[in-house]
Amino acid sequence: MADEAKVLVVDDEERIRRLLKMYLEREDYTVEEAENGEEALDLAMNKDYDVILLDLMMPGIDGIEVCQELRKSKATPIIMLTAKGEESNRVQGFEVGTDDYIVKPFSPREVILRVKALLRRSSSTKFLQTETQAKDVLVFPHLTIDNDAHRVTANNEIISLTPKEYELLLYLAQAPDKVFSREQLLKDVWNYDFFGDLRTVDTHIKRLREKLSKVSQEAADMISTVWGVGYKFEAVNE
């Protein structure tokens, strides 16, 4: 593969890192390892990875803290590795910006399938930068969503979004002026059959607005809160 994905595997158990590395390399992915949160943060902040597999429970800085710090400046897709019985932690993981999670013990095949799915959904644009004609583009005043390239621009500036932030924005924008409840967004965008904390949706909406407002306040204001119900995307006209 000319553009094989670069994956960072973070786990304090060497045998798990070794197992994941072996299976990921079989798929021609480039794999680097970190055995704790401090090392993971150092690598993730200074290098660009396509996906990070991040253990939730680690001594010192845990997976939640790593994700929280990373999301302050990077949109790298993150899959959290969690043990059974840690559902509240998984919900917290979604709140701080995790894109997916895998429960231990896991099958290596499941990990590969999840990584491939996340890479497909990733907001990376490198595979389609040479396209001259976009077939799936939503154009609004101050905001353009190019779904072929998984690229969002506001006032001609690219907005760096995590895969889940991108999916949430696209989902809302595909049905302008339709009001979605938090429950519906959690079910349709997160695709998990569990009773998640609705704050997950609120946190992602807040982060989405913050990122858009840095470039265009008008674009950020298109994501509207409908008090007592949920959210909608307002297609303003100029």
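All residue numbers refer to positions counted from 1 along the written sequence of the respective chain. Totals for whole chains, interfaces and linings use every residue, but because this is a predicted model, local features are given only for residues with pLDDT of at least 70 and side-chain atom pairs only at 80 or more, for both listing and counting. By convention in this description, side-chain values take in all heavy atoms of the structure and omit both hydrogens and water.

- The name given to the protein chain in an unreviewed UniProt entry is Two-component system, OmpR family, response regulator ResD, and the organism recorded there is Alteribacillus bidgolensis.

1. Thoughts on the packing of aromatic side chains
Step number 1: For this analysis, a ring pair means two rings from Phe, Tyr or Trp (six-membered ring only for Trp) whose centres lie within 6.5 Å, classed as stacked if their planes differ by under 30 degrees, edge-to-face if by over 60, and tilted for the remaining angles. This model, assessed by the stated rule, comprises 2 aromatic pairs.
Step number 2: Relative to Phe233, the ring of Phe140 has its centre 4.8 Å away and its plane inclined at 55°; by these criteria the two rings are tilted. Placement of the pair is Phe140 in strand S6 (residues 137-140) and Phe233 in strand S12 (residues 230-233), with a sequence separation of 93 residues.
Step number 3: Residue Phe140 is classed as buried on the basis of its relative accessible area of 13%.
Step number 4: On the numbers, 4.9 Å between centres and 55° between planes, the contact of Tyr171 with Phe180 is tilted.
Step number 5: What makes Phe180 buried here is its relative accessible area of 3%.
Step number 6: When the NZ atom of lysine or the CZ atom of arginine is within 6 Å of a ring's centre and also within 35 degrees of its normal, the charge is said to sit over that ring. Lying over the aromatic face of Tyr49, Lys6 brings its terminal NZ or CZ to 5.5 Å of the ring centre.
Step number 7: The cationic tip of Arg26 hangs over the ring face of Tyr23; the distance from NZ or CZ to the ring centre is 4.8 Å. Strands here mean DSSP runs of E at least two residues long; helices mean DSSP runs of H or I at least four residues long; both are numbered from the N terminus. A simple rule labels every residue: compare its accessible area, found with a 1.4 Å probe on the protein chains alone, to the largest value its type can have, and call it buried under 20%, exposed over 50%, or partly exposed in between.

2. A word on the sheet that holds strand S11 (residues 223-226)
Two pairing modes exist for strands in a sheet, parallel and antiparallel, and in both the strands are linked by backbone hydrogen bonds.
Step number 1: Pairing between strands is defined by DSSP: at least two bridges between the two strands are required. An order of S10-S12-S11 is seen for the 3 strands of this open sheet, with the pairing classed as antiparallel. Either end of the sheet is taken by a strand with one partner, and the two such strands are strand S10 (180-181) and S11.
Step number 2: With 4 bridges joining them, S11 and S12 adopt antiparallel strand pairing. Residue pairing across strands places Val226 opposite Gly230, the latter belonging to S12.
Step number 3: Most of the contacts of helix H8 (residues 199-213) go to S11, to which it runs at about 145°, and overall it touches S11 and S12. Contact criterion: two residues are considered in contact whenever any of their non-hydrogen atoms come within 4.5 Å of each other. Helix axes use the C-alpha atoms of the stretch in contact, all axes being lines fitted to C-alpha atoms, and the angles between their N-to-C directions lie in the range 0 to 180 degrees.

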